[in-house]
Amino acid sequence: MLKEERQRSILNEVALHNKVLLTDIAEMLDVSIDTVRRDVKELDSDSKLRKVHGGAVALGFTNTTVRNTNIYALEEKKKIAEKAVGLLKDGGVIFIDGGTTCVELARQIPENITLTCFTMSLPVALELLVKPNVKVILIGGEVSRDSQISLGAGAINQLSEIHVDYSFIGTGYVDASYGLTEFDWDIVQVKKAVIKASKKTILLSISEKLNSQHRYKTCDINAIGTMITELDPDNERLNLFRNQEIHLL
């Protein structure tokens, strides 16, 4: 595989999943870790991604000042957010996860709706603060430099003390049989606490993530009440999910 092809594959994986591990990319491309490390270093120098310890993250995932640039599949994420906004009820108590799709949801919340919103995401909180009728409660803890969300025991403990009407969450990987997974153990623990704190959990995911999985399991697919993608609910690509106890939107 030519260097240009490798780097194109790396950029696509980073854009799709927001963060990738060098070991996973090396296995996927069947090349050495050193080769991938050199590619990532070069892409970082070209300002196409950001190199972090053991992996790489998308620029649009880490830069809160970026609007409508460096966001992968932005139009699809806008469509997902638009569908999600339709589920909001005046006076509701909700939770919004981190990630670019959830940031887009926060952005699209109408200014005339009254909500109490918990979040562990700094970018989401900043978007919500401009909404005059949204009370914003930030879940605290150790803040990840990569994802800009609170992690650890402090965040999990605070989540154990709340019970929201809806939680809107993202995921790195989702599979109809295996459920929701991530490559980051700490993120999985927080997401488990979010699901436990929610009457209903709503998954926001672009369709490119469907039928993919990784190391650490967040939950079975039927722990999710509703899954929202940019696709029409009747799209055949959702057939495997239609057989599960999950509402498609």
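Before any of the text, the structure's been laid out above.
Residues numbered from 1 in each chain as written. Predicted model: local features only at pLDDT ≥ 70, side-chain atom pairs only at ≥ 80, totals over all residues. Heavy atoms only, no water.

Colleague: Is there a simple way to explain the pairing of strand 12 (residues 198-204) in this structure?
Modeller: When a strand is regular, its side chains alternate between the sheet's two faces. With 5 of 7 residues buried, strand 12 lies mostly within the body of the structure. Bridge analysis of strand 9 (residues 164-169) against strand 12 gives 5 bridges, and the strand direction is parallel. Residue tyrosine 166 lies in a different strand from strand 12, and its bridge partner there is lysine 200. In terms of strand pairing, strand 12 meets strand 14 (residues 226-228) through 3 bridges, oriented parallel. (Buried < 20%, exposed > 50% of the residue type's maximum accessible area, 1.4 Å probe, protein only. Helix = DSSP H or I, 4+ residues; strand = E, 2+ residues; numbered from the N terminus. Pairing = 2+ DSSP bridges.)

Colleague: How should I be thinking about the side chain of threonine 101 in this particular structure?
Modeller: Mapped onto the fold, threonine 101 is located in helix 6 (residues 100-108). In this structure, threonine 101 is in contact with Lys77, Ile80 and Leu204, ignoring residues within four places of it in sequence. (Contact = heavy atoms within 4.5 Å.)

Colleague: Mind showing me how you'd approach the pattern of salt bridges here?
Modeller: Side chains that differ in sign of charge can pair as their charged atoms come close. On inspection of all chains with the given rule, the structure shows 10 salt bridges. Across the salt bridge formed by aspartate 24 and arginine 215, the nearest N and O atoms sit 3.2 Å from each other. Placement of the pair is aspartate 24 in helix 2 (residues 22-29) and arginine 215 in the loop between strand 12 and strand 13 (216-219), with a sequence separation of 191 residues. Salt-bridge contacts for aspartate 34 lead to arginine 37; the nearest nitrogen and oxygen are separated by 2.9 Å. With aspartate 34 and arginine 37 both in helix 3 (residues 33-45), this residue pair falls 3 residues apart, about one helical turn. Look at the salt bridges and you will find they share partners, linking Glu104, Arg107 and Glu127 into a network. (Salt bridge = Lys/Arg side-chain N within 4 Å of Asp/Glu carboxyl O.)

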